[in-house]
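Here's the letter readout for the chains.
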Amino acid sequence: RPFHVEPTNIVSVDDDMQRVTDEASAMNKRIHYYSKLTSPADEALIAPDHVLPAPDEIYMYSPLGTAFKVDSCTDGYGKNSSLVTIFMIWNTMMGTSILSIPWGIKQAGFTSGIVLIVLMGILTLYCCYRVVKSRQMIPLTDTSNWEFPDVCKYYFGSFGQWSSLLFSMVSLVGAMVVYWVLMSNFLFNTGKFIYNFVHDINVTDIVPGTNGSNKVVCPSAASGHPPQNRSVMFSSGNRTGFELFEEWWNKSQTVPFYLIAVLLPLLNLKSPSFFAKFNVLGTISVVYLVFLVTVKAAHLGIHLEFNWFTEDEFFVPEFRILFPQLTGVLTLAFFIHNCVITLLQNNRNQENNVRDLSVAYFLVGLTYLYVGVIIFASFPSPPLSKECIEQNFLDNFPSDDIMSFVARIFLLFQMMTVYPLLGYLARVQLLRQFFGNAYPSLFHVLILNLAIVGAGVTMARFYPNIGGIIRYSGATCGLAFVFVYPSLIYMISLHRAGQLTWPALIIHIFIILLGLANLIAQFLL
């Protein structure tokens, strides 16, 4: 980056030279970040020309969330303001989990759901704070380029290195499976909407629902699983052509396979950096979902009735034994622990890290609360039961709903651009560990991608329940990165310094037990 000092401004020379030094240091950190993700022989993440002049460019990826590039948002010297840092953390955490929050509240009960969102936000924030502090407690001269997996390796040796890789892969592959299920869902509904509109077909699904312009449906009411294409055609159109379309355009039997033709070639690209240019779609999608929820609630009104423990035909109790299903979802919804060090190390004022992280968590929790509470409260009961709230709340709106159609288009395109990035991260982390190269050969990459895509297609075909997938993967990777490693590292650090007390020991053992109970409960309920 060109550097120019006015000859007449002698007083500012020292300050400018210090800024240049800071800029060079920030640039080296970026180059180090790229080089850690892949081997020197692999040019996929070697800092390219367009990165070197701008040390404030870095790609961040969030499981089940968004991928974004930090650029043109720093002070010009590789540092972010507190406002930008807060937005980055919010943007990283906000992901597809938001679609399952209303379902999670239904599973836990309305009052219990609100309390759990607040408590899980506080607990995961504290564990995230422990992650940030873990690197600072290492008595080495320079750990500025370390990430949390490096900290785990320092404390636990090869076990920490390989276990962190395992749980990181669980979060990445889990995210990709959820993406495949959702992309199949959105592509199916989008294609159905377009076909019906182009052929002037008026179709009514054979599922219970409300009447009027703001229709809400209950897909799971007719059977134990969401229906596929069961519908009745009422007006113009070629019935034979319509039936043929429904045969070849099926949510679980055909559409998940169509995605292979588009996404598998993209996964095999050496560098998917082109897709990071569309990262703004993640923010737009979340903002639009908040807008959609607000508009729908304004038309539907509030439908609440408080029963603490008794079942009702249209309402659920305020407390339900199924509440761990919500905590599993929330573990992943508040998950940022594996990349928070990178996000905060670029904060201009490091003394504000705790405050900025707390504000970001507050905003994330507020967003989840708003969407979850509004959808649950406005769900029309009666005539429909609150039990009808789907694991993806967009499924409660018919495919011909215009606002939901726009939301599905946004989310579909966003996920199709983020999916190759997640696949690339999985490839870099796994293949580099085993072969020392993120792209050892097309054969190796193709085998890995076929396994990941196969997992996505299998789940979309036989278990298209994103709430279940999110809570299983969230509780699994959260056990390590959220509950166990931060607590153990903190206790070990205090013990080595001779500062470990019984209250600290009891509290952090309790946190570990909470994470373990959270994981076990997912398989029991």
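Throughout what follows, the structure given in this document is the object of discussion. All values reported here derive from a predicted model rather than from experimental measurement. (Residues numbered from 1 in each chain as written. Predicted model: local features only at pLDDT ≥ 70, side-chain atom pairs only at ≥ 80, totals over all residues. Heavy atoms only, no water.)

## As for the overall build of the chain
Check the secondary structure of the chain and you find 15 helices and four strands. Of all 525 residues assigned to the chain, the portion counted as buried reaches 56%. Restricting the contact set of the chain to residue pairs at least 6 apart, pairs at least 24 apart contribute 78%. (Helix = DSSP H or I, 4+ residues; strand = E, 2+ residues; numbered from the N terminus. Buried < 20%, exposed > 50% of the residue type's maximum accessible area, 1.4 Å probe, protein only. Contact = heavy atoms within 4.5 Å.)

## What about the packing of aromatic side chains?
Within this structure, the stated rule accounts for 22 aromatic pairs. Arranged with centres 5.1 Å apart and planes meeting at 35°, the rings of Tyr472 and Phe523 form a pair that is tilted. Taken together, the residues span a long stretch of sequence, with Tyr472 in helix α14 (residues 466-496) and Phe523 in helix α15 (residues 502-524) at a distance of 51 residues. Looking at Lys386, its charged tip hangs above the ring of Phe376, at a distance of 4.9 Å from the centre. It is Arg471 that lies over the ring of Tyr472; its NZ or CZ is 4.6 Å from the centre. (Phe/Tyr/Trp six-rings, centres within 6.5 Å; stacked < 30°, edge-to-face > 60°. Lys NZ or Arg CZ within 6 Å of the ring centre and 35° of its normal.)

## Brief notes about the nonpolar core
Among the nonpolar cores identified, the biggest contains 122 residues, and Leu99, Phe393, Leu394 and Tyr419 are the most heavily contacted of them. In this structure Tyr419 touches Met176, Tyr179, Trp180, Met183, Leu263, Leu267, Ile452 and Val453, once residues within four positions along its chain are discounted. In terms of nonpolar packing, the next biggest core, distinct from the first, is built from seven residues, Tyr195, Ile201, Phe245 and Val255 among them. (Core = buried A, V, L, I, M, F, W, Y, C linked by side-chain atoms within 4.5 Å.)

## Brief notes about helix α2 (residues 82-93)
Taking 1.5 Å of rise per residue, 12 residues should cover 16 Å, and α2 covers 17 Å from first to last C-alpha, within 8% of that figure. Taken across its 12 residues, α2 has 10 buried, putting it largely inside the fold. For α2, the set of buried residues is Ser82, Val84, Thr85, Ile86, Met88, Ile89, Trp90, Asn91, Thr92 and Met93. (Expected span 1.5 Å × (residues − 1).)

## Some words on a nonpolar patch on the surface
A cluster of nonpolar side chains, namely Ile321, Ile509, Leu513, Leu516, Ile520, Leu524 and Leu525, defines an oily patch on the protein surface of about 650 Å² accessible area. Along the polypeptide, Leu525 turns up in the segment after α15. Owing to a relative accessible area of 34%, Leu525 belongs among the partly exposed residues under this scheme. (Patch = residues over 30% accessible without salt bridge, like charges linked within 9 Å, V, L, I, M, F, W, Y side chains within 5 Å. Areas by Shrake-Rupley, 256 points an atom, 1.4 Å probe, with all protein chains shown as cover. Salt bridge = Lys/Arg side-chain N within 4 Å of Asp/Glu carboxyl O.)

## Quick word on the pattern of salt bridges
Counted by the stated rule, this structure contains four salt bridges. We note a salt bridge from Lys296 to Asp401, for which the minimum N-O separation is 2.6 Å. With Lys296 in helix α8 (residues 280-300) and Asp401 in the loop between α11 (353-378) and α12 (402-435), the pair connects residues that are 105 residues apart, well separated along the chain. A single burial state applies to Lys296 and to Asp401, both of which are buried. A salt bridge links Asp356 to Arg355; its shortest N-O distance comes to 3.0 Å. Classification of Arg355 by relative accessible area gives partly exposed; the value is 46%. Here the salt bridges share partners, and the residues they tie into one network are Lys106, Arg320 and Glu387.

## Points about the side chain of Ser385
Here Ser385 is to be found in the loop between α11 and α12. A residue is classified by how much of its surface remains accessible, and Ser385, at 15% relative accessible area, is buried. Within the structure, Ser385 has its side chain in polar contact with the backbone oxygen of Glu313 (distance 3.3 Å). (Polar contact = N/O pair within 3.5 Å; in protein donor to acceptor, adjacent residues only side chain to side chain.)

## What to know about α14
Its 31 residues give α14 an end-to-end C-alpha distance of 43 Å, which sits within 8% of 45 Å, the value for a rise of 1.5 Å per residue. At Gly478, α14 is deflected by roughly 55°, the largest bend along its length. Burial within α14 is extensive, with 25 of its 31 residues counted as buried. Once α14 finishes, Gly498 follows within two positions and takes phi at roughly 70°, a positive value. (Bend = angle between axes of the 7 residues up to and from the residue.)

## Re the state of the cysteines
All told, the structure shown has one disulfide when counted by the stated rule. The residue that forms a disulfide with Cys218 is Cys388, at a sulfur-sulfur distance of 2.0 Å. Disulfide Cys218 to Cys388: torsion about the S-S bond roughly -80°, handedness left-handed. Of the two residues, Cys218 sits in the loop between β3 (203-205) and β4 (231-233) while Cys388 sits in the loop between α11 and α12, which places them 170 residues apart along the sequence. You'll find Cys218 and Cys388 in the same group, each marked buried. With no disulfide of its own, Cys127 lies closest to Cys128 among cysteine sulfurs, the gap being 8.7 Å. By relative accessible area, Cys127 is classed as buried at 1%. (Disulfide = S-S within 2.5 Å.)

## Considerations on unusual backbone geometry
In this structure, Pro382 follows Ser381 across a cis peptide bond, with omega equal to -15°. Looking at where Pro382 falls in the secondary structure, it is placed in the loop between α11 and α12. Backbone torsion omega between Pro382 and Pro383 reads 10°, so that peptide bond is classified as cis. Within the element layout of this structure, Pro383 appears in the loop between α11 and α12.

## Things to note about the packing of helix α4 (residues 110-136) against α15
The contact between α4 and α15 brings their axes to 12 Å, and the two run at 120°. Judged by the angle between their axes, α4 and α15 are oblique. In terms of crossing hand, the pair formed by α4 and α15 is left-handed. Facing α4, whose interface residues are Leu123, Tyr126, Cys127 and Arg130, α15 presents His508, Ile511 and Leu514. (Axes fitted to C-alpha atoms, helices over the stretch in contact; angles between N-to-C directions. Parallel < 35°, antiparallel > 145°, perpendicular 65-115°, else oblique. Left-handed = near helix turned anticlockwise from the far one by under 90°.)

## Section: the environment of Val131
With respect to the element layout, Val131 can be found in helix α4. Val131 has contacts with Phe148, His337, Val340, Ile341, Phe481 and Pro486, leaving out every residue within four places of it along the chain.

## Digging into the packing of helix α5 (residues 148-198) against α12
Between two packed helices, what matters for the description is the angle formed by their axes and the separation of those axes. Across the interface, α5 lies against α12 with an axial gap of 8 Å and an inter-helix angle of 150°. Put simply, α5 runs roughly antiparallel to α12. Crossing handedness for the pair α5 and α12: left-handed. Looking at the contact of α5 with α12 residue by residue, the class counts come to 28 nonpolar, nine polar and one charged. (Nonpolar A, V, L, I, M, F, W, Y, C, P; charged D, E, K, R; others polar.)

That is the geometry; function is a separate question.
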